[in-house]
Each structure stands twice: as C-alpha cells, then as structure tokens.
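So the chains spell out like this:
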Amino acid sequence: MKSSVIIFPGSNCDRDMDVALKKFGFKNQMVWHNDPRIPKSDLIVLPGGFSYGDYLRCGSIAAKSKIIKSVIEFANSGGLVLGICNGFQILTETGLLPGILQQNKYQKFICKNVYVKINDKENKYFKNIKKEILELHIAHNEGNYFCSEDELKSLNDNNQIAVTYCNENGNDAEEFNPNGALKNIAGIFSKNKNILGMMPHPERMIDKCLSSNDGNFFFENLIENLK
Amino acid sequence: MEVNLKVAIEHGLKKEEFNKICDLLKRTPNITELGIFSAMWNEHCSYKSSRVHLKKLNTKGKNVIQGPGENAGVIDIEDEDAIVFKIESHNHPSFIEPYQGAATGVGGIMRDVFTMGARPIANLNSIHFGSPQHPKTKNLLRGVVKGIGGYGNCMGIPTIGGQTNFDESYNGNILVNAMTLGLVNKNKIFYSKAAGINKPVIYVGSKTGRDGIHGASMASAIFDDKIEEKKPTVQVGDPFTEKLLLEACLELMAGKSIISIQDMGAAGLTSSSIEMASKGNLGIELNLNKVPCREEKMTPYEIMLSESQERMLIVLENGKEDEAKKIFDKWNLDFAVIGKTTDTKKIELFFDNNKVTEIPISILAENAPVYERKWKKTKLPQKIKFNKDDFKKLKITEVLKKVLGLPNISSKEWIWQQYDHTVMGDTIQKPGSDAGVVRIHGTNKAVATSVDSSAVYCNAHPLTGGKQVVCENWRNLISCGSKPIAITNCLNFGNPEKEKNMGEFVECVEGINEASKFLDYPVVSGNVSFYNETKDKGIKPTPAIGGVGLIKEYKKMITMDLKSNENLILVVGKTEGHIDQSVFAINILNEKKGPPPVINLFNEKNNGETVLKLIAEGLINSAHDVSLGGIITAISKMAIKGKKGFKLNKLKVLINKFDYYFGEDQGRYIIEIEPKNLAKVQKILKDNSVHYDEIGLVTEKDIIVDKEPIIRIDDLIKSNKNWLENYMDK
C-alpha cells in the first residue's frame, strides 16, 4: 500500500506520521507542498502542525496552496484522504469537510490523552477495528468543532460523525469533552466516507512505552482494509 | 549625534569604561561604535562581573565534547550520537512583556542548539514568580506559559519538563529560564569560529527591524518605576519563521559549505559578527546596505543593535553561495551576502559608501572590562530549637494534605498541559515526573533531563545551596534509571555591585563547583543573569541547574508511580530529621530561619550509584527522590501518580515522627520493590554501606499512618491538583 504525507511549511507531525505509516507496512513518501503532483497513492495524509504559522486562520493558507488542488482532485475521485489535527483544519478550510475548528473553549492549548468512541464502522478507516474506544492524544489550540444546524443534521443523517470524545467506558457526556466541540465531535467523514478529519493523533500512540498504543489498532486496521 | 560621556552613560557604560574606550581607540567613538561597545561590554554579553568566578568551574570530563564558550555544550552519548544542550535566562523581557519575553527566550535557546547542527529534541523551563497574592503574578504566569507553549508547540519540539516556583522575592523580577536539548552526529558538529580570509559572510532568516534594540543592555540593569517604557526593547518572536530556519539550516548543514555559523541572539549582528571573527582571529567587513531590513531608513546604529529574532550569520566556503541560496529560497527565507572575512583583525562597517565603524576586534573582545567585585561571605545560620510540644497538636495526614496543596508543591499540570509534550513521538516520560525522558529516535537509548533550583536553601546558605541544587538534579536523573552525564547552569542573581548579592553568586558557584567535581558531573554550558532587582529589592539567589543523563536501554527506565499492592517501600539514605528551612518549618511552623540541610557528597554519590545498581539488577519497580516536604511527601507523590495508597510501619527510630516524615535530609530516595526481592536489595545496600529503612507497603487506595484516621488517595490527589487550577481559572 502506498501513502503520501504532504509537508507544508510549518508542518511538524510529518515525521511522526511517516514513522507510523511505515511501521504498519505502508510504502510512504513525503511530498513537498510545492511539488507539481502527488505520486500514485492509496492514501494521502495531511499531517499536524502549524502550516504557514497558522496565520490568518489555522489551515486557511494551506487550503490555497499549490498541492491542495491535486489533493482535492484525488478526494473527489474517491481517494482516501486523512487529515490529523492541522490536517483536519485544512480539510474544513478547503470545504472537503463541513464546519470549522474554533479556539478551544477554555482558550488554552491542550495536550493530553483522551478517549474517543468510534461511531461508524461502515468505512475504510474503522471497518473491523478490534476496539470500540481508543485512547489517543490531543495537542491543539483550535479543536473546538462547530457547524450549522443543517450541517449537523446532515452529518447525523449520513453517519458522518466518525469519532466523539468520551471516557474510558464510552460515556460521551459533556464533561469528557476537552475543547467544547459541538456534540463532542473529535472527527468527521465526508459524505462518501473517503475523507476523514480528526483532532486526535493516532500516530503518537503506537508504542507501549508511549502513554498508549491504541494508535496501532487504527493503522493496523486501515492497512488491512486497503489491501 | 555627538558622542560624549553623558551619551555613554545613557548607554549603560560607566565613566571609566568610556575613558578606556577612548584610550584604546585613541579617539572618541562615533555613535554606531559607541552602540557596539555598549552591546559588547554590558554584563549580559561580557560576563564582566562573573568571568573570574566562572573560570573556576569544573568543565571537563570524559564525555564532554564541548564545554562553555560555544553556543551550547556538547556531550557524548555513545555510538555516533551527541547531545547539545544549554539553559538561558530571559528574565527581564519576560517581566516587561510576558508572552513575547518567554516566547523569544525559548526561540533563542533553540537557535543556540540548532546552530551547532543539532535537531532540538526536548525543551524544559524553570520559571519563578512572585507571591500568588501579588496582583501581577497571575497575569505574568498566564503570559509566560502561553509564550513558552506558543513558541515550542509551533516548532514541534516537545516540552518535557520544568519547574515552577512562587516566592515574594520575585514580585518585581520574575525568572524565565529556558533549556533545550538537541541531537547531533558527533562528527558533524558546527562551531562559531570563522576561518579563512575573503570568505563570504551570509545573513539568513528574518528581516531586521527596530525591535529589541538595547535588549542586552536592558537585561544588564535593575528595574525602576519606568519599566513600562522599556517595552520596545523586548523582541517579538515568530516561531513559524524559526521552524523554517531550523529546517533550512539543517538542510544546508547536511552539505559541506559552512565554515562557521552563529545565531544572532543578544546584541544581534554586533555580537555574532564579532564573536565569529574573534574566535577565528580574523577581521570582518560588512556592508550594512545589504542587510535585509523590514523597516525603512534604518541607521547603521539600529541595524547593528537590533535584536530581531530568527536570524543567523554564516561564513561560507567560496563558490557555495548559489547552492546555499537555493535552500533558503525553498524555505522562503532571506539570504544575503553582506560581507567577507578579512585579515585586518578589525570590524569594519560600511553604509552608503562610507566607513561608519572601524574597531580592532581585540579591543571589543579581549579588552572588555573584567571586575573582581567585592563580596561578602554568608555565615551558616544557627540551628533552630523547635518546641516539639507544638507538634502534638498536629496530625501527620492533615499536615500532609496541606503540604501537597502548597503553591510550590502542588501539581503543575495546568501549566504543562499547555505544552505539547508528545510531538516527535519519543517522549517516554512526561512532565510531572522526576525527569523528562525522550528516546533517541530509532535506537534503544534515551536521555533523561531535569531542571532544578532551590532558592530557599541558597538564600539561607549559598555554599550549601549551590551544592544542593546539583545533587538534587543528579538524584532526579538517577531516579529514572539514567546515568547523569553533565549539567548546564543558569545563574540568576541580584545586583553584583552589592557585596551581599555578589557573595551569594560567588558562594553558590563554589558550591556548584564542589558538587560537580565530586559527582563527576561537569558544567558544559550556561548563562548568568544579574541585576534581578527592582527598587532595591533583589531576588533570592536562584541558580538553576539543568542536567542530562543517559539510559542505555530505554525499556529499563524507571518511573515514579507506585505499581502493585503489597510491594514494599524503602527509604534509601539516612534520615536525621533536618527540618530547618524545610517546607514543614516554613509553611506549617512559620519558621523561616536556620541552616539548610547538610550535603554529604560522599553519601550522595554512593547512594545514587547504589540505586543505579539496584535498577540495573531489575530490582526496583518505582523510584523517586526525596526533596521538598520530605519522605511522606515523596511517597504521596508516587501514590498520586500510581493512584495507589500506602501504609507506613510504626517508626523504629528515635526521631520525632514529624522530623522523620517531613525532614529534608539530602541524598535520599524512595524505592518500591517486590517482597521476593527484599533479601537481594538488602544485600546490595549493605554491601555498598548504604543506610535504608523499610518503612511501609503499597495498598489499593487507603493511606494508613500511625493510628490516625485512614484517608483515601483521592483526597491527596485533590489536595495536590486543585490549587493551581483554582488559582488560575476560578
């Protein structure tokens, strides 16, 4: 399986994603934002970081970058696009995913482990995944998901809410919401579920000696589903 | 502008210094030259008050690749790997403008590290604030934390450790010390010494603006009522540009075109160009019209003294300009050939076709003033005779809850949760532990690092305090199973022109040196910050020590959280019950006098090395050093981390129980072991003549002390966690 990780100026989780993808068997390539095109891939990843310094709005400048046209074409033709953290912000800025990511409710950067519940398994990302609740990690200042009522209805109607913040038992009450996101939303799909944007970082949780290795479930499953 | 004594004094120079400049030049300097002298001869850049004492420091060791004198120190961590590290202060700017002050402090120290070819892999910080009740404290804390996070998070370097203290002596002068560790191949280290004549001098990074002019001079003066007016001397940081600069520099460094490289930190273009030339025993010629400026009509004086951030100066091999420029173009950074190296041994500056400066480099560097300031010794205070009857009214568990909730003991999670501590995917021990630990990417090795200070002890007796900080730092590294290798120090003191403050400096340095020698724990880099004084009130002497240790197999790392019920808890090291200057004495008994705990360097070394032996044998399940708040506070912190309880045995020693549990004797560790390993552990401890007490065991949730009512671990978690959250958010 071939994957491509796009590097924007200011991306800083690109290496972590590269390590994770390779660990689980992807043939990964790094693609510079100014490259004319993306090599043939089964998966494109927009990594976390501070693309273009988060200037103007997180993800807004990356959403207008040269490479993003190819990403949009790839996504529109049904290709798998995964955006983590800043990657999620970029996906909402391009319009590939609905809604926006606002500043966290308590106006602070938050770096900690969180639990997320997988809400939909009828897709390439979570089909057959061996765990319902994953312990992952968040590190962001703008992860507070928001969208209009119509958009929310549409997300619900199409089962596009991918993962929601919860506790270790899957209780997704407001108190387990770290950043004020609407309906505890931690990640969403596009309508045909080939695009996934989420705030938590599975790539930081791939080794027992880190504080969790639940990221393994995510990547192991993803590559299986792509085979 | 005409230069005279008055103008020189406004530049922070003393009358005799100005006269010396005129004598050496055999003329009066022009305004640009005066600016250059004031930048090079201020305390911050010249170390004029500290130099004679710093020279005595123990800076050599078998793992030291580079000691003080470069952008940062470098140590060998086996194979091809080396760690570049340093700590630096950004105290004065952070008080005036906390967000930018702290942010640029972090940016500056990271540049020092990647200038040497190393990719930063971990950040730490030591921050000190005034009393929590002081009206400025909350905003300063909020701003500093946001600034540190804002810069480090954007750079994508994990902030894995630090310490935060509150004390009224910092009401008018907070301390912000930032430390960075970088990883480099030991055969590919870059230095600042220029070599060769007619080599192009290249400016890269951000454009030069008017920000930060006289920043270094500001950091060399005390504060008065007009500090608000000094805001323009604070630099403005842009971590995005620094991230690009980091990647561009490392890309250029992968080739062979760089002769020397130096970041533009304090005193900007002035100190970087002079330092490179001075170390190479060369001259340097710059055309200031070529310097990329972001503001119009900047004068040579402003260009030379600007402290705009995210800039580097490089001496390149001839003919490599195009190759280098391509890299900086790719990263959208300025790149300009602004001059060349010469054989004149002078700094010569041109602007609009006129020569605006001509000064022999030796005058600026080697002839910089050096002062042997007068200093006063601090006598060891008399021991306090505590009335033990007063203790009878107290309950251990009640005191414990109070101690765990004190500002200086309470959990600092509110702070470190705002720092990205997991980016880079190698953080295997997070903040809130004895030390932060990161793996060396792709290997079985890891480095442990911790930063510590003990202003209370240093204030009571600087010589003992200086020793103690080094020992505590060493213990923190031992506790997680690493072998301590070397330290960096950030020496924060008051006004060196006062004998008392100067004495504190001299004796703390002596203490640091003594411990560093005995423990074979050399000082490889550091920074001095004097004049932490406002309206005649100086800070407590606060040397901060940052240490680095090596874990050869990261899977053998030890953490501090209690692991399993029925495991035994031992205190390694002897407890005498020293409570003078302890948290218990100061906060519960309200007694602030007395001597700090005695440091016995022999025991310190022996106890630490023996703990490492136990760890190597796989006999320890968790470990933690005993510091503020004594034995019971240490065990409680282990219990809080592991969400476990503990039961303490009836005391078998003839010491008052409060002295025993809350005393702050040095050289001690708490270890958790499995009952089946007790005999083996006892044998190793006895064979190495290390004193130990078996004091209790791990329980599920209950905390059982004496015949006092049982409390639950959740109570302690709450006591420990709530203070800072409530203080900041409610």
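Preceding this paragraph is the structure being described.
A quick note: this is a predicted structure, and the numbers were derived from the prediction, not measured.

Asker: When you look at the overall build of chain A in this model, what are you seeing that I'm missing?
Answerer: Looking only at helices and strands, chain A has five helices and 11 strands in total. Across the 227 residues in chain A, those meeting the buried criterion constitute 53%. Put simply, of all contacts in chain A between residues at least 6 apart along the chain, 75% involve residues at least 24 apart.

Asker: Explanation requested: the pairing of strand 7 (residues 200–205) of chain B in the structure shown.
Answerer: If a strand is regular, its side chains alternate between the two faces of the sheet. Residues and elements named next belong to chain B. Extensive coverage of strand 7 is indicated by the burial of five of its six residues. In the sheet, strand 7 pairs with strand 11 (residues 334–342) via six bridges, with the strands oriented antiparallel. Following the sheet pairing, Tyr 203 is matched in strand 11 by Ala 336. Bridge count for strand 7 against strand 10 (residues 311–316) is five bridges, and the pairing is antiparallel. Bridging across to strand 10, Val 204 finds its partner in Met 312.

Asker: Sorry if this is basic, but what is going on with the interface of chain B and chain A here?
Answerer: The accessible area lost on association of the parts is a frequent measure of interface size. At the junction of the two partners, chain B supplies 22 residues and chain A supplies 21 residues. Every element with two or more residues in the side of chain B that touches chain A is listed here: helix 8 (137–155) and helix 10 (239–253) of chain B. Grouping the amino acids of the side of chain B that touches chain A by side-chain chemistry returns nine nonpolar, nine polar and four charged.

Asker: Even after reading the chapter, I still don't get the pairing of strand 7 (residues 133–140) of chain A, so can you show me in this structure?
Answerer: Residue and element names in this part refer to chain A. Strand 7 sits mainly inside the fold: six of its eight residues count as buried. Pairing between strand 6 (residues 110–118) and strand 7: eight bridges, direction antiparallel. Counted as the bridge partner of Val 116 is Leu 134 from strand 7.

Asker: What's the story with the sheet that holds strand 1 (residues 2–7) of chain A in this structure? I'm lost.
Answerer: Paired through their backbone hydrogen bonds, the strands of a sheet run either parallel or antiparallel. Residue and element names in this part refer to chain A. Ordered by their spatial adjacency, nine strands build an open sheet running 2-1-3-4-11-10-9-6-7, and the pairing between neighbours is mixed. This sheet does not close on itself; its edge strands, each paired only once, are strand 2 (27–32) and strand 7. Adjacent strand axes in the sheet meet at a mean angle of 25°, parallel and antiparallel pairs treated alike. The pairing of strand 10 (residues 185–189) with strand 11 (residues 195–198) spans three bridges and is antiparallel. Its bridge partner being in strand 11, Gly 187 is matched across the sheet by Met 198.

Asker: Would you explain the sheet that holds strand 16 (residues 446–452) of chain B in this entry?
Answerer: All names here are of chain B. Read across the sheet, six strands follow the order 14-15-16-21-17-18 without closing on themselves; strand pairing throughout is mixed. Either end of the sheet is taken by a strand with one partner, and the two such strands are strand 14 (427–429) and strand 18 (523–529). The average undirected angle you get between the axes of adjacent strands in this sheet is 20°. One ladder, built from two bridges, connects strand 14 with strand 15 (residues 436–439); its direction is antiparallel. Considered in strand 15, the bridge of Gln 429 is made with Val 437. The strands that helix 18 (residues 462–479) touches are strand 16, strand 17 (483–492) and strand 21 (542–551); relative to strand 21, the one it contacts most, it runs at about 30°. Contacts from helix 19 (residues 499–518) reach strand 17, strand 18 and strand 21, with the element oriented near 175° to strand 17.

Asker: Help me out: how do you make sense of helix 3 (residues 31–41) of chain B in this one?
Answerer: Because an α-helix packs 3.6 residues into every turn, residues spaced three or four apart end up facing the same way. Most of helix 3 of chain B is tucked away, with 10 of its 11 residues classed as buried. Every buried residue belonging to helix 3 of chain B is among Thr 32, Glu 33, Leu 34, Gly 35, Ile 36, Phe 37, Ser 38, Ala 39, Met 40 and Trp 41 of chain B, and all of these are buried.

Criteria and thresholds
- Residues numbered from 1 in each chain as written.
- Chains lettered and ligands numbered in written order.
- Predicted model: local features only at pLDDT ≥ 70, side-chain atom pairs only at ≥ 80, totals over all residues.
- Helix = DSSP H or I, 4+ residues; strand = E, 2+ residues; numbered from the N terminus.
- Buried ≥ 20, exposed ≤ 12 C-beta atoms within 10 Å, placed from the backbone.
- Contact = placed C-beta atoms within 7 Å.
- Pairing = 2+ DSSP bridges.
- Nonpolar A, V, L, I, M, F, W, Y, C, P; charged D, E, K, R; others polar.
- Axes fitted to C-alpha atoms, helices over the stretch in contact; angles between N-to-C directions.

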